[in-house]
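Here is what each chain is made of, one letter per residue.
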Amino acid sequence: MPQTEQLVPDRQHLVRYLLDLLPEEEAERLDLASITDDQIASHLRVIECDLVDDYVLGSLTGETLQQFEARYLTSTRRRDNVKMAARFLDAVERAAAQNEAPGAGVPGARVLLSAAAALVIAAGGAFMFRSAEPSLPESTVQTLPAQPRTDESPEREAVGRTPVPGPVGTQNQAAARGSVARRDPGVAALVLWPQTRSAGPLPTLLIPAGRASVVLQLTLESTPFAQYRAGLKNPADNEIVWRSGWLIPTTSGSRTSVRIVVPTVKMRPQHYSIELSGRSPDSTSEVVESYTFRVGSR
Amino acid sequence: MQRQRSIREEPTLTDVAFGRLLEWLDDGIDSGGERYLDIRRRLVSYFDRRNRLSAEDLADETFNRISRTLEQSGSIAVRPPARYCYVVARFVLLEDFRRDRKHVHLDESRTADRSRSASLALVGSDSAITKEHRLECLDRCLRQLPSEHRDLIVEYYRDTHRQKIERRRGLAARLGITMNALGIRAWRIRDALTTCVKGCGPEARRM
């Protein structure tokens, strides 16, 4: 198919075009190219896809984030793109977690994955932990009762726990949990409850070696806001070491939560707190929940 | 409904006219309708970027007009066909802007407000059951992909920031293609997945 002879504009230029930030004349030139030039049309789609994904993952910042929300999200079709991207990335994350987990591809691997993950963390108070599978039915989520911690060793944490009878606590599943937990399940995800509901020891997250990011699911008691933003705080100096973009809560069963993907480079073995802020339509925001957890050493 | 009537002033295409349009768009290379779908998608995006509420209708109106010209004149001198599509689309866009100005609604400002709140709400109004359906459908569609396609998009779209770029670079090197070509390949698979999801059922169609 015919191509224009001009070079494909760079990514940043096309992002500015998508966010309606280019002068009219240049925007019209790209309007034409977006329809007549196969290469630019394809490139534009890929960049738009990445832009939307970055928004969903909370990676957009500054002017780009501002313009994305002020201009890009004004169209129903584009808002639908964002919704679709959120679900798509969720599915990709789950598929990636399954691929990484031992026993991936085995029937019922999702349940094993979830249960194994529940055993990897040091059990604290009334918190829940599951694999990167936020959409599993409620019955596959393992709730662990409060138990005092006696040993910090991850290996002991993983294999030393007696399988807890619960929704998935059959003999076979318990055995499966034990065997999978002895190996590194390669998943890192934690469901956190607001501090007011967490009694007992802190939930602990063990980050598998080589893992670039972890998924934290922040459960909400109520959802007065449409969008939320999480800040990962080091309680030692109250410094926010990482902040998510504005995120939309999702509901699975009776639980509504905000899911954040935190880069592991931002975490060290220590305590952390997360402040969750809600944003109202007039763009004012306020802290609505806080969560605490510990990153364990491996 | 009023809006639909004002855009679609002419009846839709006959089979013969549609066939002629496809042939003209293909420009000598039989694409099996792919070229039509591709150009239509570009037109929809164009109208949508200009914040037109009925981007799909405007894209169809563009094709309707081109089809009528083909019917009346037998051929169109402007080449390539995509360039002519843009010329017509630009007229359709300007007319739609004009139509909007003529029909300024009293509650226009409130409409804008609703649009803004909708942008903030996004997925807030869906029921939990609907969401479960959608997620199940997405998982099912992902499983139905050929394994090499599934592996490629999982590898391509996972992670964030630097890890993602490095992973993509490694993937492109393994496949012996450029990063741009990899991006387009991944997008095509993702697009196929979206089409699969749209076919899942009434709940999923609203994704």
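Residues numbered from 1 in each chain as written. Chains lettered and ligands numbered in written order. Predicted model: local features only at pLDDT ≥ 70, side-chain atom pairs only at ≥ 80, totals over all residues. Heavy atoms only, no water.

Caption draft 1: Geometry of the overall build of chain A. Across its full length, chain A holds eight helices and 11 strands. Looking at chain A as a whole, 57% of its 298 residues are labelled buried. Restricting the contact set of chain A to residue pairs at least 6 apart, pairs at least 24 apart contribute 65%. About 12,100 Å² of surface is accessible on chain A, with carbon and sulfur atoms providing 51% of the total. (Helix = DSSP H or I, 4+ residues; strand = E, 2+ residues; numbered from the N terminus. Buried < 20%, exposed > 50% of the residue type's maximum accessible area, 1.4 Å probe, protein only. Contact = heavy atoms within 4.5 Å. Areas by Shrake-Rupley, 256 points an atom, 1.4 Å probe, with all protein chains shown as cover.)

Caption draft 2: Here's a closer look at the interface of chain B and chain A. The interface of chain B with chain A comprises 58 residues on the first partner and 65 residues on the second. Roughly 5,800 Å² of surface becomes buried between chain B and chain A when both sides are summed, with 56% attributable to carbon and sulfur atoms. There are 11 salt bridges connecting chain B and chain A. Elements represented by at least two residues in the side of chain B that touches chain A include exactly helix 3 (34-49), helix 5 (81-102), helix 6 (108-121), helix 7 (128-144), helix 8 (147-157), helix 9 (161-175) and helix 10 (179-198) of chain B. Tallying contributions element by element places helix 3 of chain B first for the side of chain B that touches chain A, with 11 residues. For the side of chain B that touches chain A, the per-class residue count stands at 25 nonpolar, 10 polar and 23 charged. (Buried area = accessible area lost by both parts, 1.4 Å probe. Salt bridge = Lys/Arg side-chain N within 4 Å of Asp/Glu carboxyl O. Nonpolar A, V, L, I, M, F, W, Y, C, P; charged D, E, K, R; others polar.)

Caption draft 3: Structural view of the nonpolar core. Ranked by size, the top nonpolar core spans 53 residues in total, and within it Phe68 and Val82 of chain A together with Ile153, Tyr157 and Leu193 of chain B carry the most contacts. Of all the elements, helix 5 (residues 76-100) of chain A adds the most residues to this core, at nine residues. Excluding anything up to four places from it in sequence, tyrosine 157 of chain B contacts Cys49, Asp50, Asp53, Phe88, Leu89 and Val92 of chain A together with Arg168, Ala186, Trp187 and Arg190 of chain B. Among the nonpolar cores identified, the runner-up in size contains 25 residues, and Val44, Ile76, Ala82 and Tyr86 of chain B belong to it. (Core = buried A, V, L, I, M, F, W, Y, C linked by side-chain atoms within 4.5 Å.)

Caption draft 4: Representation of the packing of aromatic side chains in the model. This model, assessed by the stated rule, comprises 11 aromatic pairs over all chains. Pairing tyrosine 46 of chain B with tyrosine 86 of chain B gives two aromatic rings, centres 5.7 Å apart and planes at 65 degrees, and the pair type is edge-to-face. Of this pair, tyrosine 46 of chain B sits in helix 3 while tyrosine 86 of chain B sits in helix 5, placing them 40 residues apart in sequence. Grouping residues by exposure puts tyrosine 46 of chain B and tyrosine 86 of chain B together as buried. A network of ring pairs unites the aromatic residues Tyr55, Phe68 and Tyr72 of chain A as a single cluster. One cation-aromatic arrangement involves arginine 168 of chain B over tyrosine 156 of chain B; the distance from NZ or CZ to the ring centre is 3.7 Å. Above the face of the tyrosine 157 of chain B ring, arginine 190 of chain B is positioned so that its terminal group lies 4.6 Å from the ring centre. (Phe/Tyr/Trp six-rings, centres within 6.5 Å; stacked < 30°, edge-to-face > 60°. Lys NZ or Arg CZ within 6 Å of the ring centre and 35° of its normal.)

Caption draft 5: Structural detail: the pattern of salt bridges. All chains considered together, the criterion is met by 31 salt bridges over all chains. The partner of arginine 65 of chain B in a salt bridge is glutamate 95 of chain B, and the shortest N-O contact between them spans 2.6 Å. Taken together, the residues span a long stretch of sequence, with arginine 65 of chain B in helix 4 (residues 55-73) and glutamate 95 of chain B in helix 5 at a distance of 30 residues. The partly exposed category is assigned to glutamate 95 of chain B, whose relative accessible area is 26%. Taken together, the shared-partner salt bridges in this structure form one network comprising Asp38 and Arg45 of chain A together with Arg35, Asp38 and Arg42 of chain B.

Caption draft 6: Examining the pairing of strand 3 (residues 189-192) of chain A more closely. Residues and elements named next belong to chain A. Residues Ala189 and Val191 line one face of strand 3 and the alternating positions Leu190 and Leu192 line the opposite face, and both faces are buried. Pairing of strand 3 with strand 5 (residues 213-219), which is carried by four bridges, proceeds in the parallel orientation. In the strand pairing of strand 5, leucine 190 is matched with leucine 216. (Pairing = 2+ DSSP bridges.)

Caption draft 7: How the structure looks around the pairing of strand 5 of chain A. Residue and element names in this part refer to chain A. The element strand 5 is largely enclosed, with a buried count of seven among its seven residues. Side chains of strand 5 alternate between two faces, with Ser213, Val215, Gln217 and Thr219 and Val214, Leu216 and Leu218 buried alike. As paired strands, strand 5 and strand 9 (residues 255-263) are joined by seven bridges and run antiparallel to one another. Pairing of valine 215 across the sheet is with valine 261, part of strand 9.

Caption draft 8: Unusual backbone geometry, seen in detail. Residues and elements named next belong to chain B. In this chain, arginine 79 is followed by proline 80 through a cis amide linkage whose omega measures -5 degrees. Looking at where proline 80 falls in the secondary structure, it is placed in the loop between helix 4 and helix 5. Within the chain, asparagine 51 stands out as a residue other than glycine whose phi angle is a positive 60 degrees. Assignment of secondary structure puts asparagine 51 in the loop between helix 3 and helix 4. Classification of asparagine 51 by relative accessible area gives partly exposed; the value is 39%.

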